[in-house]
Amino acid sequence: MKTRDCRNTLREIDSNELDQQLSDKSSAHIAGCRSCREALHQGSSLRRLVAGFETVSAPPDFDMRLRARLAAEKKPATAWINLWRQAPGVPAFALALSLLVVGALAFYLRPPGTQQIAGRGKPAVQSPAQTGVPAKAFPSNELASGTQAVGVQTGRETDDASIPERERREPVSGARRTGRSTVEPDAVAKGSDISSREYNQLPANLIKRATDAGMETSPVVSLSAPAQPVVVSMRDDHGATRTISLPPVSFGSQRLVQPGYQSTAMISSAKGVW
Amino acid sequence: MSTVTSLNELDFAGVLPAPVIERVSDHALLAASETGDEDAFAELVGRYRNQITSYIYRMTNDYEGAVDLAQETFVRVYRAASRYQTTHAFSTYIYRIATNLAISELRKRKRRRLVSMTGFFESHEGKEPTEFNPPDNRPLQDVALVDTERRTAVKRAISTLPEKYRAPLVLRDVEGKSYEEIAGILRTSEGTVKSRISRARGFLRDKMRNYL
């Protein structure tokens, strides 16, 4: 039967340390109480048993696994920085990127309607009064009598003074060679004061009637195709002359407006005129 | 003319200077590791890895889980190195982290119902699941075998203690920490620690009555 002394003694046994002596009152009680003596023995044995637990060692790869774990936690935060540092051509990439940005800014910040190439001083399109080029300067654009001829302003009809002497003498061959300009390639390469235009970004050319007053001196071109083949003589840079015969190109309507022309298809068609 | 018969006679110890071994404090090592000194942190890990692993193992009774939690303890120490305050000993600090992790793991296990099938029996006071551990009254065969059996029984008995009794008991009787240090680790008073330890020992004694 547990008395109050037994409870106090057991509490003291549980509270004391291994080598600590009990109080005199508890010691006297234990001497006369068998259950408390057994409790003291069991408690001491249990404490020795628990204290005898050997320390469990960490596995040999503990440090390595811990380092890997720490490295894995570091990686997401600095992944982009490491990628930036380990990129092989970072300076070159940065330089190219900055050049690209500067080029894009220069393209978008240029004044609207600018038709000049950087470095060229004169505007690409000039008024007929400024150009002063007679219509006869373009032999292929001779007006057909009795037809409505219109004048077309093109880039290649600009600034006659900037065209070299040989180009003025042979305008057709130069136009054929360059396709879009009567200017010699070597003249462009030398950086002469010749303007050009970008046809992709400009509106359609202004077409005016050649018969209007004041437009007689402007360059004109006929919309009617020539009935005879056009023979073009070209001379290349080496002095060799080539002759090309261009057949007349017609879309039909031009032939219709020409006087005295009747197609056989038109005659035989019962449904209409085509 | 004297001849040298062994290398011991050369007395290198008297010629070479003795290596200077300085015990760097834990605070200094943690401060150095905060600045990126990996060697300092490795030294810190070397000092505490076995203690922390052993402590968590005694708390959870699962070695692999204890190793993982010990690593998590060091990871948290490394991450929170800048927030560490030197008002407490580093051992108190790291044991507190390990204790919190171990208790969290025990609570997770309880939620997952990962207690053993024999854990349906409940104790009288704590309403905690206790191991069904019937007394074995067969005659003892071997002292070593008996000792191993008793240790196993003690481990099981400790693992059935409630968390609030288990941690101070392990810290006091297994790890040998002082009451003051245990109070710092568990963030409670020394009186509470002594009371809980006394209760834990009483529980253990009752559970182990047939083995002692």
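Treat the numbers as computed from the prediction; the structure is a model and nothing was measured. (Residues numbered from 1 in each chain as written. Chains lettered and ligands numbered in written order. Predicted model: local features only at pLDDT ≥ 70, side-chain atom pairs only at ≥ 80, totals over all residues.)

**Quick word on the interface of chain A and chain B**
With 25 residues of chain A at the interface, the matching set in chain B holds 29 residues. Elements with a contribution of two residues or more to the side of chain A that touches chain B: α1 (4-15), α3 (34-51) and α4 (62-86) of chain A. The element that contributes the greatest number of residues to the side of chain A that touches chain B is α3 of chain A, accounting for nine residues. A per-class count over the side of chain A that touches chain B returns 12 nonpolar, six polar and seven charged. (Contact = placed C-beta atoms within 7 Å. Helix = DSSP H or I, 4+ residues; strand = E, 2+ residues; numbered from the N terminus. Nonpolar A, V, L, I, M, F, W, Y, C, P; charged D, E, K, R; others polar.)

**Here we look at the nonpolar core**
Judged by nonpolar contacts, the single largest core of 48 residues is most densely connected at Ile 56, Ala 70, Ile 94 and Ala 98 of chain B. Each residue touching Ala 70 of chain B, except ones within four places of it in the same chain, is listed here: Ala 58 of chain A together with Arg 49, Ile 52, Thr 53 and Ile 56 of chain B. Listed in part, the six residues of the second largest apolar core include Leu 10, Ile 30, Ala 39 and Leu 40 of chain A. (Core = buried A, V, L, I, M, F, W, Y, C linked by C-beta atoms within 7 Å. Buried ≥ 20, exposed ≤ 12 C-beta atoms within 10 Å, placed from the backbone.)

**Thoughts on helix α2 (residues 26-34) of chain B**
Residues and elements named next belong to chain B. Buried within α2 we find Leu 29, Leu 30 and Ser 33. The buried side chains of α2 occupy one side of the element, clustering within an arc of 95 degrees when seen end-on. Buried residues belonging to α2 abut α3 (38-60), α4 (63-79) and α5 (90-111). Remark: Gly 36 follows α2 within two positions and exhibits a positive phi of approximately 105 degrees. (Arc of directions from axis to C-beta.)

**Focus on the environment of Ser 189 of chain B**
Residue and element names in this part refer to chain B. Within the fold, Ser 189 resides in the loop between α8 (179-186) and α9 (190-207). Classification of Ser 189 by C-beta neighbours within 10 Å gives exposed; the count is 11. As for Ser 189 and Tyr 179, which are separated by 10 residues in sequence, their C-alpha atoms are 9.0 Å apart.

**Points about the packing of α3 of chain A against α9 of chain B**
Orientation of α3 of chain A relative to α9 of chain B, taken along the N-to-C sense of each, is 100 degrees, at an axis distance of 10 Å. Judged on the interaxial angle alone, α9 of chain B and α3 of chain A are roughly perpendicular. Here α3 of chain A contributes Ala 39, Gln 42, Gly 43 and Leu 46 of chain A to the contact with α9 of chain B, which in turn contributes Arg 201, Leu 204 and Arg 205 of chain B. Grouping the constituent residues of the contact of α3 of chain A with α9 of chain B by class yields three nonpolar, two polar and two charged. (Axes fitted to C-alpha atoms, helices over the stretch in contact; angles between N-to-C directions. Parallel < 35°, antiparallel > 145°, perpendicular 65-115°, else oblique.)

**A short note on α9 of chain B**
The end-to-end C-alpha separation of α9 of chain B is 26 Å, in line with the 26 Å expected for 18 residues at 1.5 Å each. Every buried residue belonging to α9 of chain B is among Val 193, Arg 196, Ile 197, Ser 198, Arg 199, Ala 200, Arg 201, Phe 203, Leu 204, Arg 205 and Lys 207 of chain B, and all of these are buried. (Expected span 1.5 Å × (residues − 1).)

**Some details on unusual backbone geometry**
Trans peptide bonds make up the majority, and among non-glycine residues the majority have a negative phi. All names here are of chain B. Even without being a glycine, Asn 61 presents a positive backbone phi close to 60 degrees. Positive phi outside glycine occurs at Arg 187, with the angle close to 55 degrees. If you trace the backbone, Arg 187 turns up in the loop between α8 and α9.

**With respect to the packing of helix α7 (residues 163-174) of chain B against α8 of chain B**
Residues and elements named next belong to chain B. Closest axis-to-axis distance for the α7/α8 pair is 10 Å, and the angle between their directions is 145 degrees. By crossing handedness, the relation of α7 to α8 is classed as right-handed. Here Ala 167, Pro 168, Leu 171 and Arg 172 of α7 lie close against α8, whose contacting residues are Ile 182, Ile 185 and Leu 186. For the contact of α7 with α8, a count of residues per class yields six nonpolar, no polar and one charged. (Left-handed = near helix turned anticlockwise from the far one by under 90°.)

**Description of the confidence of the model for chain A**
Do not read the predicted coordinates in detail wherever pLDDT is low. Across chain A, the average pLDDT comes to 64, with 41% of residues at or above 70. Overall, residues 117-163 of chain A carries pLDDT values under 50, and its contacts beyond four positions in sequence, including any with other chains, amount to 94 contacts. (pLDDT = per-residue confidence, 0-100.)

**What to know about the pairing of strand β3 (residues 230-235) of chain A**
Residues and elements named next belong to chain A. Bridge count between β3 and strand β4 (residues 241-246): six bridges; the pairing is antiparallel. Along β4, the bridge assignment pairs Val 230 with Leu 246. Hairpin remark: β3 followed by β4, antiparallel, with five residues in the connecting loop; positive phi at Gly 239, about 90 degrees. (Pairing = 2+ DSSP bridges.)

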